[in-house]
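# Secondary and tertiary structure notes
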Amino acid sequence: MSPTPTRPAHAIASRVEDHLLHTVGTAPAKATQTELMQAVSQVARAELSQRWVQTQAADRGARARRVYYLSMEFLIGRTLSNALAALGQQDGATEALGAHAQAMEDVAACEPDAALGNGGLGRLAACFLDSMATVGLPSFGYGIRYEYGMFAQEIRQGAQIEHPDPWLEDGTPWEFPRWGVTYPVRFGGWVEHVDGKAIWRPAGEVEAKAYDMVIPGHGTTKVSTLRLWKATAPSHIDLNAFNTGDYQRAATAKNEYENISWVLYPNDSTPAGRELRLKQEYFFVAASVQDLIHRHLGEHGTLTNLADRVAIHLNDTHPAIGVAELMRVLCDEHGMDWTPAWAICRNTFSYTNHTLMPEALETWPVGLMQHVLPRHLEIIFRINKEFLEFAAAFRPGDDGFLARLSLIDEQGERRVRMAHLSIVGSHKVNGVSKLHSDLLVQTIFADFAALWPERFTNMTNGITPRRWLSQANPGLSGLLDRQIGHGWRRDLDELHKLAAHRSDPAVQAEFMGIKRANKARLAALIARTTGVQVSPDSLFDVQVKRIHEYKRQLLNVLHVVGRYQAILANPNGPDGRGWVPRTVIFAGKAASSYHTAKSIIRLIHDAGRVINNDPRVGDLLKLVFIPNYGVSVAETIMPGADLSEQISTAGTEASGTGNMKLALNGALTIGTDDGANIEIRQAVGDENIFIFGLKTPQVQALRASGYQPMRYYESEPGLKPVLDAIAGGQFSPDEPGRYRGLVDSLLWGGDHYMLLADYTSYVNTQAEVDALYRKPTEWCARAITNVSGMGVFSADRTIREYARQIWRIEPKP
Ligand code: 26V
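Quick look at the structure, then.

Turning our eyes to something else, we now look at the overall build of the protein. Counting its secondary structure elements, the protein contains 33 helices and 24 strands. Against the 2.2 N^0.38 benchmark of 28 Å for 813 residues, the protein shows a C-alpha radius of gyration of 27 Å, consistent with a compact globule. Projecting the C-alpha coordinates of the protein onto the three principal axes gives extents of approximately 90 × 75 × 60 Å. Residues counted as buried form 60% of the 813 residues belonging to the protein. Of the roughly 30200 Å² of accessible surface on the protein, a fraction of 52% belongs to carbon and sulfur atoms. In the protein, 82 positive and 89 negative side-chain charges are present, and the distance between their average locations comes to 2 Å.

Summed over the entire model, instances satisfying the criterion amount to 19 aromatic pairs. Where Phe187 meets Tyr282, the ring centres are 5.8 Å apart and the plane angle is 75°; that geometry is what we call edge-to-face. Remark: Tyr282 occurs in helix H9 (residues 275-300) and Phe187 occurs in strand E7 (residues 175-187); sequence separation between them is 95 residues. Each of the two residues, Phe187 as well as Tyr282, counts as buried. Three or more aromatic residues joined by ring pairs make a cluster, and in this case those are Tyr68, Phe140, Tyr142, Tyr183 and Trp229. If you follow Arg382 out to its NZ or CZ, it ends over the ring of Trp338, 4.1 Å from the centre.

Ordered by their spatial adjacency, nine strands build an open sheet running E7-E10-E11-E4-E1-E12-E13-E17-E18, and the pairing between neighbours is mixed. Looking at the sheet topology across the chains shown, the edges are occupied by E7 and strand E18 (456-458). When strand polarity is set aside, the average angle formed by the axes of neighbouring strands in this sheet is 25°. Pairing of strand E10 (residues 204-216) with strand E11 (residues 223-232) involves 10 bridges; the strand directions are antiparallel.

The next point concerns the packing of helix H2 (residues 33-61) against helix H3 (residues 80-87). Here H2 crosses H3 at 50°, and the two axes come no closer than 10 Å. On the basis of the axis angle, H2 is oblique to H3. As for how H2 packs across H3, the hand of that crossing is left-handed. Contacts from Met37, Val40, Ser41, Ala44, Glu47, Leu48 and Arg51 in H2 reach Leu80, Ala83, Leu84, Ala86 and Leu87 in H3.

Below, the discussion takes up the pattern of salt bridges. Taken as a whole, this structure holds 53 salt bridges when the rule is applied. In this structure, Glu281 and Arg277 form a salt bridge, with 3.1 Å as the shortest nitrogen-oxygen distance. Remark: Arg277 and Glu281 occur in helix H9; sequence separation between them is four residues, near one turn of the helix. On the accessibility criterion, Glu281 (1% relative accessible area) is buried. The buried category is assigned to Arg277, whose relative accessible area is 10%. Members of the salt-bridge network, linked through shared partners, are Arg178, Asp212, Arg227, Asp291 and Arg295.

Turning next to a nonpolar patch on the surface. Where nonpolar side chains cluster on the molecular surface, the patch consists of Tyr148, Trp262 and Val263 and spans about 250 Å² of accessible area. Residue position: Trp262 is located in the loop between helix H8 (247-258) and H9.

Quick look at the side chain of Arg417 now. The residue Arg417 is located in strand E16 (residues 415-417) in this model. Arg417 has contacts with Glu362, Thr363, Ala403, Arg404, Leu405, Ser406, Leu407, Ile408 and Asp409, leaving out every residue within four places of it along the chain.

Judged by nonpolar contacts, the single largest core of 266 residues is most densely connected at Trp229, Phe283, Met369 and Trp807. By residue number, the principal contributor to this core is H9, which donates 10 residues. Phe283 has contacts with Val185, Phe187, Val206, Glu207, Ala208, Trp229, Lys230, Ala231 and Ile260, leaving out every residue within four places of it along the chain.

For Arg63, which is not glycine, the phi dihedral falls at a positive 45°. In this fold, Arg63 is placed in the loop between H2 and strand E1 (66-70). Of note, the phi angle at Asp195 is positive, near 50°, even though the residue is not glycine.

The subject of this paragraph is the environment of Gly431. If you trace the backbone, Gly431 turns up in strand E17 (residues 428-431). For the pair Gly431 and His354, spaced 77 residues apart in the sequence, the C-alpha separation amounts to 6.5 Å. Not counting the four nearest positions on each side in its chain, Gly431 is found in contact with Asn353, His436, Ser437, Leu440, Thr457, Asn458 and Met459.

A few words on the sheet that holds strand E14 (residues 363-365). With antiparallel pairing, three strands are arranged side by side in an open sheet as E14-E16-E15. The open sheet is flanked by E14 and strand E15 (408-409), the only strands paired with a single partner. The pairing of E15 with E16 spans two bridges and is classified as antiparallel. Within the sheet, the bridge partner assigned to Ile408 lies in E16 and is Val416.

Attention shifts here to the pairing of strand E4 (residues 139-144). Taking burial as the measure, the six residues of E4 include six buried ones, the bulk of the element. Of the two faces of E4, the one lined by Ser139, Gly141 and Gly143 and the one lined by Phe140, Tyr142 and Ile144 are each fully buried. The sheet contact formed by E4 and E11 spans five bridges and is parallel. Bridging across to E11, Ile144 finds its partner in Trp229.

Bringing the side chain of Ser732 into the picture now. Along the chain, Ser732 turns up in the loop between helix H29 (719-727) and helix H30 (740-747). Setting aside chain neighbours within four positions, we find Ser732 in contact with Asp606, Arg738 and Tyr739.

A word on the pairing of strand E21 (residues 621-626). The element E21 is extensively covered by neighbouring structure, given that six of its six residues are classed as buried. Alternating positions in E21 separate into two faces, Leu621, Leu623 and Phe625 on one and Lys622, Val624 and Ile626 on the other, with burial throughout. Relative to E21, strand E20 (residues 582-587) is paired through six bridges, and the arrangement is parallel. Looking at E21, one finds that Ala587 is bridged to Ile626. Regarding the hand of the β-α-β motif, the stretch spanning E20, helix H23 (residues 595-612) and E21 is right-handed.

The rules behind each value
Numbering of residues starts from 1 in each chain and follows the order in which that chain's sequence is written. Two thresholds apply to this predicted model, a pLDDT of at least 70 for residue-level local features and 80 or more for giving and counting side-chain atom pairs, whereas whole-chain, interface and lining totals are computed over all residues. Side-chain numbers here rest on the full set of heavy atoms in the structure, without hydrogens or water. By the criteria applied, helices consist of DSSP H or I runs no shorter than four residues and strands consist of E runs no shorter than two, each listed in order from the N terminus. The globule rule used for comparison is 2.2 Å times the number of residues to the exponent 0.38, while the radius of gyration itself is calculated over C-alpha atoms. Think of it in three bands: residues with accessible area under 20% of the maximum for their type are buried, residues over 50% are exposed, and the middle band is partly exposed, with areas taken using a 1.4 Å probe on protein chains only. Note on areas: these come from Shrake-Rupley sampling with a 1.4 Å probe, and a residue is covered only by the protein chains present in the view. When charges are counted, Lys and Arg contribute as positive and Asp and Glu as negative, whereas His and the chain ends are disregarded. The location of each charge is read from NZ of Lys, CZ of Arg, CG of Asp or CD of Glu. Aromatic rings from Phe, Tyr and Trp, with only the six-membered ring used for Trp, were paired whenever their centres fell within 6.5 Å, and each pair was classed as stacked if the ring planes differed by under 30 degrees, edge-to-face if by over 60, and tilted otherwise. Charge-over-ring placement is defined geometrically: NZ (Lys) or CZ (Arg) within 6 Å of the ring centre, and within 35 degrees of the ring normal. Between any two strands, at least two bridges found by DSSP are needed for them to pair. Axis lines are fitted to C-alpha atoms, over the contacting stretch for helices. Their N-to-C directions set the angle, which ranges from 0 to 180 degrees. Angles are sorted into four bins: roughly parallel if under 35 degrees, roughly antiparallel if over 145, roughly perpendicular if 65 to 115, and oblique for all others. Each crossing gets its handedness from the near helix: less than a right angle anticlockwise from the far helix is left-handed, clockwise is right-handed. In what follows, residue pairs with any heavy atoms lying within 4.5 Å of each other are defined as contacts. When a carboxyl oxygen of Asp or Glu lies within 4 Å of a side-chain nitrogen of Lys or Arg, that pair is called a salt bridge. Each patch groups residues whose relative accessible area exceeds 30% and which form no salt bridge, using 9 Å between like charges and 5 Å between nonpolar side chains of Val, Leu, Ile, Met, Phe, Trp and Tyr. Here, the term nonpolar core denotes a set of buried Ala, Val, Leu, Ile, Met, Phe, Trp, Tyr and Cys residues that are joined through side-chain atoms within 4.5 Å. Convention used here: a crossover is right-handed provided that the path from the first strand, over the helix, to the second strand proceeds clockwise when the strands point away from the viewer.

Structure below.
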């Protein structure tokens, strides 16, 4: 593929000057980096705006079937470099900035991240938008325009401190406020039943205002739209208060409405059962449903063919109330009968599950739903009644079966199970890796799978190669362009061609040179953010992701402490050949109320302080934690990694996507037989990945037979001194008991994620990693093989599968 035709550089330069003067309002000669970022963004924005108008007109003209991707989270990151790449304006922009003696990289870094998501689920949604635009799928993303995104993480004395993220403070060049696209969203009140008709008498109302972000496709002029909703007070409300002169009351009232879109819920340790969260969910779903119905009626004039023209996708259960909302709109507002409405509903919706963790499955107290959405609760009860009648006929007399299937959990405080609503209301339900999809039908959704086996399917996750290779790793991209051509950006399977060069000395030398430069860049980031100097010649061992017990960052720390002790005990290395120098790099945020996760962050810092300052260790071992992990930080980390840590307990990580980003950038994986690691192993071959530890059935069997972590503590070589050092305060001499609880949760608390059972296998496999790293040409050949095998993990592949098998939309070639 030749990337989008490039505009003459001088044309871009003159437009930048123009925007500096007329849009930014500054003298071009005096423009700061931020002002230059603004001006260059405006140049790209204008071009994207044209593409947006053209795509919309084409889709409208074709009365295209569209997919609406409903997600509470879109973790976009920065937009400028991505937009310039899609428009073929990179060279022009670089040249224009050169005239101001500025580098593109520094100017682009002035843009704040749009961090409207927590982690994997939100970033996946952002990668999907990129792919939907690139494969030319008529599509909209719908979400919330949070005023405050994911909290910023500061580390103070080793502990995480959260700060608000006012990313919109200085405005963003990337949004298009859609004046006039506003919808009312109602809450509360009661329901009257008159002549068999339900009439909802809401107690309150807010307005949802549309703000669009244009999502450019790559190698195409197609774009997609991310429509985000902002909550505002209906104008008549505050006017009344102002008229009476009561400004204080007016301001308070306004806040009560507008707080709905203020802040992203950062809590993914346990779902927040807060009323405001439920209101957020309904707010963006109700606005989106009104918007898509308005568009559909404009094009088709009837709702009877809605399911033929519209696919609505639920990204996890957060938008699941949409099932009840669509029923309400069809029946109560458009007078449709229940049965045809229900058929439309089921044929329109599809749902992705992103986690097996029982504590993460969303439920809402019936009482709260009655209070916030009384009509929706009635609808959910009716859906449930008809569903349970159907299920009872399937397995007569089995009350346990019905109780497990019910949309209402009747144990204790009655709660609505949002996953059940999503499954019953959808025609397809998918997991995000083969293993995860299998486990869904074997475990948490087994009863539904017995009823409807054909409803369940797999869509293995993917990532966009534009951001995660082309943009993040220009060095490696250049090598690929020279060796296999440019086509991989739109057809990642082309990477296969690289395999033939895996042992070519010239290619290897270049590949290693690129990795070395990326590591130097990462080392500079580490020095800047942590003050620790690390050597780019050491093995860069990377674990970057949200901090969760099941992801087992603590297992990684146990290995680091074990290695520290071994270096002290044996300075000449385990076999007298010295130690392979390692830099162990962590990054990730802990949910603010997740104490164990925060304690793990603190332990990393405490252990790092001791190890990094021990003169006996020197460069042989460094332990660092890069603060404020997010999309932009990840773009520097991924290209600089040698080793990718994907060490969750088998059967707990739904897929992982960081595993794909790291392998795509030439890191070897050390990982468990979990999530997409399994498919990565299949893609790169067993010899090119380090898989260790218990497999899912073994985890299940060991748990069933009564796992006793203490046995491992007593018998596994090296484990006891590691745990004793941490628990005894060797790394926290100012507070020796600081990590007693953490260690006790392993020894006495059941070690739920079985760190101790996998410890020895992990440590032994790390020794294999060292052995391979001593042979640079062999390591390099394997790294190249990893890159060449990653084609299948393009989000373009994932989106084509969703389009064909779930949304029934054939993407335009
Ligand atoms: C996880 C957990 C884990 C235990 C405690 C409670 C809790 C609450 C929320 C979550 C995150 C659920 C949603 C999520 O982000 N899942 C991630 O989705 C990614 C994209 O499909 C996938 O690659 C990750 O494996 C999955 O964790």
